[in-house]
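# Architecture at a glance
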Amino acid sequence: MNRPLLLELDHDTVTAQLDRVVPWLLTTRTLQSAYRKILEDTADEVGEPHIRAWLHEIAVPARQHEEAVADLHRAFGHPPVTGTKAAATRAVATALSAVRELTGEAQGVVAGARGRAWRHLRLLLLSNLDAISGFAVAEQLALALGRPAVVDITFPIVADKTRHQLLIRECFLEMASNAILYRRDV
């Protein structure tokens, strides 16, 4: 018969584990910030009015999700990152989005795809997937550490971002034939 095993961890062990979460939260913020930047840039590039409108609509919650990382810090018992660390995180996110954009451009050109907006949609798919993973890992850390307040924050964000992922994918697929077969930007 399997019985649940309960362990009581001492204060120092719990504190050390909670401290190990902070770098992941910084990573999550960086991933979400890079995604949001690429999303905003891509939305402005898309010529199709309905796709541009959809992307602008999901940019609003993308900013909210980015700001929610401060709530995650508090839910894990840490103050939100401010000052130099926050500025460094923003700089890393900007650099990450720029590197991803260059990589996406190079991959799209090699693949024969015409159209910067379509190549950026492809990149947006990958970037959002990274950001989803950032929040999902934070959720798993919360479950491991018994922090239900974190799950209350991450669960709806992961659900929103997953819906957004499906929308981005549909936009990407809708524009694919124009970009690849007809070599048109849309």
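Residues numbered from 1 in each chain as written. Predicted model: local features only at pLDDT ≥ 70, side-chain atom pairs only at ≥ 80, totals over all residues. Heavy atoms only, no water.

Low-pLDDT portions of the prediction should not be read for the details of their coordinates. This prediction gives the protein a mean pLDDT of 85; 80% of its residues lie at or above 70. When the elements of the protein are averaged for pLDDT, helix α3 (residues 83-110) gives the smallest value, 67, and helix α2 (residues 49-75) the largest, 96. (pLDDT = per-residue confidence, 0-100. Helix = DSSP H or I, 4+ residues; strand = E, 2+ residues; numbered from the N terminus.)

Another aspect to go through is the packing of aromatic side chains. Geometrically, a pair of aromatic rings is defined through the distance of the ring centres and the angle of the planes. Scanning the model with the defined rule gives one aromatic pair in all. Relative to phenylalanine 172, the ring of tryptophan 118 lies with its centre 4.8 Å away and its plane at 10°, an arrangement referred to as stacked. Within this pair, whereas tryptophan 118 is found in helix α4 (residues 116-145), its partner phenylalanine 172 is found in helix α5 (residues 148-180), the two being separated by 54 residues in sequence. A single burial state applies to tryptophan 118 and to phenylalanine 172, both of which are buried. (Phe/Tyr/Trp six-rings, centres within 6.5 Å; stacked < 30°, edge-to-face > 60°. Buried < 20%, exposed > 50% of the residue type's maximum accessible area, 1.4 Å probe, protein only.)

What follows is about the pattern of salt bridges. The final tally for this structure, using the stated rule, is nine salt bridges. Between aspartate 71 and arginine 74 there is a salt bridge, and its shortest N-O distance comes to 2.6 Å. Taken together, the residues aspartate 71 and arginine 74, both in helix α2 and three residues apart, mark about one turn of the helix. Taking the relative accessible area as the measure of exposure, arginine 74 reaches 47% and is therefore partly exposed. (Salt bridge = Lys/Arg side-chain N within 4 Å of Asp/Glu carboxyl O.)

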